[in-house]
Every structure is written in structure tokens, then in C-alpha cells.
Amino acid sequence: MTNPYTLEGRTALVTGGAQGIGAAIAQGLVEAGARVFVCDRNAEIGEATAKDLGAEFVAADVTDSASIDAAVEHVVATAGSLDVAVNNAGIVHNHPSEDLSDEDWRRVMSVNLDGVFYSCRAEGRRMLAQGSGSIINTGSMSGHIANRPQPQSAYNAAKAAVVHLTKSLAGEWSHRGVRVNSVSPGYVGTELTKRGMNNEEWRTAWIEGTPMGRVAEPREIAPAVTFLASDASSFCTGTDLVVDGGYTVW
Ligand code: NAD
């Protein structure tokens, strides 16, 4: 019997793949046998990560739809197909909402929501044309709860929208062979959480709020994505797989 978890012969794209959770996801997909394209706006780190992992690099800024369209075209022109796409690029901005500027609200929305839609649209067009594919969006437990004590309303709103965008696209595309799911991590030790981990009040609240009593390492998120990318999840679509050490049970 063939291994349903294998990604042998599949081509995958990971946005925000240069570092943190995205780099761990790219590594997991490589280990499962996929040909992986690390995609990031940071070419310097992205090239180095791709080289380390035995992957390839393609530059894109997901806030620019022409840029992500071109990255998808590059993958298809180079590898002949796009079978797995992980839309993981994201940023956070912590600021009290009553003073949040239009620019900062838009900046978070443009990466975390517009960027996920532009990426899904470009990938979905290709996958619908070939009649198969698996898209996994990186959501967050912040799409289900409002984090504390740090203020981050734009981030939380964008992540809730990513979870619902995922369900909406699953409803449109699944009967044409394209599954769309999301993975929602809890706190993970990366550049994105560095400021909070260096703040005693924030770090204590994060760890005490997590039943497992710790934050995750990026490699603990990757297997959930590999599962949703593979045939092992062939009847999963529109689902959100929460990987949060139990944070959302309280
Ligand atoms: P990170 O800052 O370590 O990595 C983010 C990557 O995205 C970087 O390589 C960055 O260059 C890239 N990126 C940012 N904007 C981009 C753009 N416009 N176009 C292309 N690439 C862009 O962050 P991380 O913690 O690894 O986060 C990855 C994803 O996981 C994000 O969507 C984040 O919201 C989500 N997430 C993180 C945590 C956590 O605790 N770290 C928890 C839940 C969800």
C-alpha cells in the first residue's frame, strides 16, 4: 500500500518560507518528498534557507498580486505543476486600537489578509486548471480568541478572516479537486514573538495561558501542514487545525 503521507512527485510553494514557521514547514515538505519553493520578500534569508533545505527560492511580496502571480508562474514554468501551496507570510503590530493609525491597520491587513487572498487566487487558478491541489493557510489561535495582554486588533481580525476565507474557498473549489484548509498555531518561538518573549509580563501571560506551559518550536507546527498537504487528509477541506498547546481550551 502506498504511504498516504508521502509528497513524492509533488511541487510545493511556501510563502514567508525564509524563516520561522515557514522555514520549518518548507523543511517538513522537503522531508516528505516534495520539490519545494521557498517564497519570501526577503531574498537574502530566503535564498540561504532554500539552499540549506535542498529547496529552491522564488521572491515575492504577497501584498502585490502581480508579484505572487509571477512567483506561481515561475514555479509552474520550472517544475511543471503546483500541487501544494502554503500561505504563511505574516506580520504583527502591537498597538492600542484607539491610537492605531490607518497605515498600521492597512499594513497588517495587506500582508495577513490581502496577501493570503492574492496567493490563494493565483494558486487556485492553476490548481483548478489541473484539477487537483491542496492549499494550506497559516491562521492563528488569534482568529478564535483575542490575545492578552498585548493589543493587536488588526492581527486578530485578519486571522479570523483567514480562517473564514479558507472555508469560503473550500466551498467554491473542493468539488473541482482543490482542497483548502488552515493551520492555526498558538505561541511559537520566532522573530515575530521575540518582542513578547523578551517582555516578562507578556511571556508570563502567554505561558500561564497555555495548558502545556510553554511556547512551541516551529518544527512542532510543520507536521500539521504536511498532513493537510498530503493524501492522508484527502477528505479534509475547509477545516482549521488548531496547534496551540491547549491555549484555546481556557
Ligand atoms: P517570522 O517573522 O519569523 O516569519 C515571517 C516571514 O514572512 C518572514 O520570512 C518574512 O520575510 C515573510 N514576510 C513578511 N511579509 C511578507 C510579504 N509581504 N511577502 C512575502 N513574505 C513576507 O514569523 P512566524 O512566527 O514564522 O510567522 C509565520 C506565520 O505564522 C505568520 O502568518 C504568523 O502570523 C503565523 N503565526 C505565528 C505565531 C507565532 O507565535 N510565531 C502564532 C500563530 C500564527
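Scroll up to find the structure this text is about.
Before going into details, it helps to say that this report is about the structure given with it. Position numbers for residues start from 1 in each chain and track the written sequence from start to end. For this predicted model, a pLDDT threshold of at least 70 governs which residues receive local features, and a threshold of 80 or more governs which side-chain atom pairs are given and counted, while totals over whole chains, interfaces and linings are taken from all residues. The side-chain numbers reported here are obtained from all heavy atoms of the structure, hydrogens and water having been left aside.

By volume, the largest pocket amounts to about 860 Å³. Only protein atoms enter the 1 Å grid used here, on which a cavity is any set of points holding a 1.4 Å probe that cannot leave and a pocket is any open set flanked by protein within 12 Å on both sides along at least five of seven lines; residues with an atom within 4 Å of a point are listed as lining. For the largest pocket, the lining is made up of 46 residues, of which Asn88, Gly90, Ile91, Thr190 and Leu192 are closest to its centre. Helix and strand assignments come from DSSP, with helices taken as H or I runs of at least 4 residues and strands as E runs of at least 2, each series counted from the N terminus. Residue contributions to the lining of the largest pocket peak at 5 residues, all from helix 6 (residues 191-197). Polarity classes work like this: nonpolar for Ala, Val, Leu, Ile, Met, Phe, Trp, Tyr, Cys and Pro, charged for Asp, Glu, Lys and Arg, and polar for all others, with Gly in that last group. Along the lines of polarity and charge, the residues of the lining of the largest pocket split into 18 nonpolar, 22 polar and 6 charged. What lines the second largest pocket is a set of 14 residues, and nearest its centre among them are Met212, Ala216, Val243, Asp244 and Gly245. Grid points are joined across faces, edges and corners, and a volume is the space filled by probe spheres set on the points.

With that settled, consider the site of the ligand. As a structural note, the neighbourhood of the ligand is formed by 30 residues, with Ile21, Asp40, Tyr155, Val188 and Thr190 the closest of them. Polar contacts, as used here, are pairs of N or O atoms within 3.5 Å; protein pairs need one atom able to donate a hydrogen and one able to accept it. Residues neighboring in sequence count only if both atoms are side-chain atoms. Gln19 places a polar side-chain atom, nitrogen or oxygen, 3.0 Å from an oxygen atom of the ligand. A distance of 2.9 Å separates a nitrogen atom of the ligand from a polar side-chain atom of Asp61. For the ligand, whose accessible area on its own is 830 Å², the fraction buried by protein is 95%. The way we define it, a molecule is inside a pocket or cavity when more than half of its atoms are within 2 Å of that pocket's grid points. Applying the majority rule of atoms within 2 Å of the grid points places the ligand in the largest pocket. Among the elements of the structure, helix 1 (20-31), helix 5 (153-173) and helix 6 are those that each provide at least two residues to the shell around the ligand. Among the elements that take part in the shell around the ligand, helix 6 stands out by supplying 3 residues, more than any other. In terms of residue class, the shell around the ligand is built from 12 nonpolar, 13 polar and 5 charged. Throughout, the term near means that a residue has one or more heavy atoms lying within 4 Å of the molecule or strand in question. Surface accessibility follows the Shrake-Rupley procedure with a 1.4 Å probe radius. Residue values consider only the protein chains on display as shielding.

The subject of this paragraph is the pairing of strand 4 (residues 84-87). Consecutive side chains along a regular strand alternate between the two faces of the sheet. Along strand 4, one buried face is formed by Val84 and Val86 and the opposite face, lined by Ala85 and Asn87, is buried too. Note: two strands are recorded as paired if DSSP finds a minimum of 2 bridges between them. Looking at chain direction, strand 1 (residues 11-15) and strand 4 are connected through 3 bridges and run parallel. Its bridge partner being in strand 4, Val14 is matched across the sheet by Val86. Inspection of the sheet shows strand 4 paired to strand 5 (residues 133-138) by 4 bridges, in the parallel sense. Pairing of Asn87 across the sheet is with Asn137, part of strand 5. Note on handedness: a crossover is taken as right-handed if, strands pointing away from the viewer, the path from the first strand over the helix to the second is clockwise. Traced from strand 4 through helix 4 (residues 102-130) to strand 5, the parallel crossover comes out right-handed. When accessible area is computed with a 1.4 Å probe and restricted to protein chains, residues below 20% of their type maximum are described as buried, those above 50% as exposed, and intermediate ones as partly exposed.

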